[in-house]
Amino acid sequence: KAYLLQSIEDALVIAYKKNFDSAENVKVVMEETTGQIHVYSQKEVVEDVEDDYIQISEQDAKKYEKKAVVGDVINIEIIPKDFGRIAAQTAKQVIIQKLRETERNMIFNEYNERKGEIVSGIIQKADKNIVVMDLGRLEGIMLPKDQIPTESYKVNDKIKGYVVDVERGEKGTPQAIVSRAHPDFVRKLLEFEIPEIYERLIEIKSVSRDPGLRSKVAVYSPNENIDPVGSCVGQKGIRIQNVINELHGEKIDVIEW
């Protein structure tokens, strides 16, 4: 709210100077509770006035502020004709612009913190060059290098992806760069499926990938009582199978580091 009020005040100063071709120092104050706008001409109190726009004598200054002395800056309220209409239009434009800007920044910051995480989205557009996903509050972009060559993507399919980066697109709109081919996509899927990895009882030391065909994952546990490979594969391979299913059949070799 404070940011919005400050933005309106700054914009009204520009609007005033532009519309009234003013060379004076202007300050605009918008009352938070009533929305009432006050326009002040700011003048420095000096002994000898050289510029009426920005300076005032001590004697004249005392008419506005009794305690004014040389060196002070005083505010003299001015009521410019027709400024109400200009102010209303300017304030409206600024409010809309700043709300959009603030919303974009909030979304950017929210998803920037999710860099390195897995997100789910619905495919909005899919062609040879790009896959566009609806992630809820912003778009996810999957470039050819981030797609798995053996997969085909169709509009309205729900898929998961790894957030590689968050960028500002056209007009500052944030968009997430999403990948299914990144080695860390496999790493994160394993974290979800295998509690020991999430709890740091087992470490994934390295992941190497030929997306769509095969991944090799090197695992290690400092605890001698934990079998890192067996824990990752699970009984009858059930744990690793969930990851393989998400990757549509990509083979995963789990190797002890």
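Details of the structure are given in the entry above.
Residues numbered from 1 in each chain as written. Predicted model: local features only at pLDDT ≥ 70, side-chain atom pairs only at ≥ 80, totals over all residues. Heavy atoms only, no water.

### Topic: the sheet that holds strand 12 (residues 251–256)
- Spatial strand order, 10-11-12: three strands in an open sheet with mixed pairing. Each of the sheet's edge strands pairs with one partner strand only, and the pair in question is strand 10 (203–210) and strand 12. Ignoring strand direction, the axes of neighbouring strands in this sheet form an average angle of 20°.
- Of the strands in this sheet, strand 10 and strand 11 (214–220) touch helix 4 (residues 183–193), which is tilted by about 135° from strand 10. (Pairing = 2+ DSSP bridges. Helix = DSSP H or I, 4+ residues; strand = E, 2+ residues; numbered from the N terminus. Axes fitted to C-alpha atoms, helices over the stretch in contact; angles between N-to-C directions. Contact = heavy atoms within 4.5 Å.)

### Details of the environment of L201
- Relative to the helices and strands, L201 resides in the loop between helix 5 (195–198) and strand 10.
- We classify L201 as partly exposed; its relative accessible area is 36%.
- With 21 residues separating them along the chain, L201 and P222 place their C-alpha atoms 7.5 Å apart.
- If we ignore the near neighbours within four places in the chain, the residues touching L201 are E196, Y220, S221, P222 and I226. (Buried < 20%, exposed > 50% of the residue type's maximum accessible area, 1.4 Å probe, protein only.)

### With respect to the pairing of strand 1 (residues 25–30)
- Only one face of strand 1 is covered, namely the face carrying V26, V28 and M30; the face carrying N25, K27 and V29 is uncovered.
- Where strand 1 and strand 2 (residues 37–46) come together, six bridges link them in antiparallel fashion. Its bridge partner being in strand 2, M30 is matched across the sheet by I37.
- Connecting the antiparallel pair strand 1 and strand 2 is a turn made up of six residues, with G35 showing a positive phi of about 80°.

### Quick word on the environment of I107
- The topology assignment puts I107 in helix 3 (residues 83–112).
- Classification of I107 by relative accessible area gives buried; the value is 8%.
- The contacts of I107, once residues within four sequence positions are left out, are R137, L138 and P174.

### Side note on the pattern of salt bridges
- For the coordinates displayed, the defined rule picks out 17 salt bridges.
- Residues K145 and D146 are paired through a salt bridge, measuring 3.7 Å at the closest nitrogen-oxygen approach.
- Exposure remark for K145: the relative accessible area of 66% places this residue in the exposed category.
- D146 gets classed as buried once you look at its relative accessible area, which sits at 6%.
- Of the charged contacts in the structure, one is a salt bridge between D253 and R214, with a shortest N-O distance of 3.0 Å. With D253 in strand 12 and R214 in strand 11, this pair connects stretches of sequence that are 39 residues apart.
- The class of D253 is partly exposed, set by a relative accessible area of 23%.
- Bridged by salt links that share partners, the residues E151, R180 and E246 form one connected network. (Salt bridge = Lys/Arg side-chain N within 4 Å of Asp/Glu carboxyl O.)

### Brief notes about the packing of helix 1 (residues 2–20) against helix 3
- Helix 3 packs onto helix 1 with a crossing angle of 135° between their chain directions and a minimal axis gap of 9 Å. Comparing the axis directions of helix 1 and helix 3 gives the class oblique. By crossing handedness, the relation of helix 1 to helix 3 is classed as right-handed. Of the residues in helix 3, those in contact with Y3, L4, S7, I8, A11, L12, A15, Y16, N19 and F20 of helix 1 are F83, I86, A87, T90, A91, V94, I95, K98, L99, E101 and T102.
- In the contact of helix 1 with helix 3, the residues fall into 15 nonpolar, four polar and two charged. (Parallel < 35°, antiparallel > 145°, perpendicular 65-115°, else oblique. Left-handed = near helix turned anticlockwise from the far one by under 90°. Nonpolar A, V, L, I, M, F, W, Y, C, P; charged D, E, K, R; others polar.)

### Some details on helix 7 (residues 238–246)
- Restricting attention to buried positions, one finds in helix 7 the residues I240, V243 and I244. Along the long axis of helix 7, the arc covered by the buried residues comes to 100°, so they all point the same way.
- Residues of helix 7 that are buried make contact with helix 4, helix 6 (228–233) and strand 12.
- Immediately downstream of helix 7, the backbone of H248 shows phi near 55°, a positive value. (Arc of directions from axis to C-beta.)

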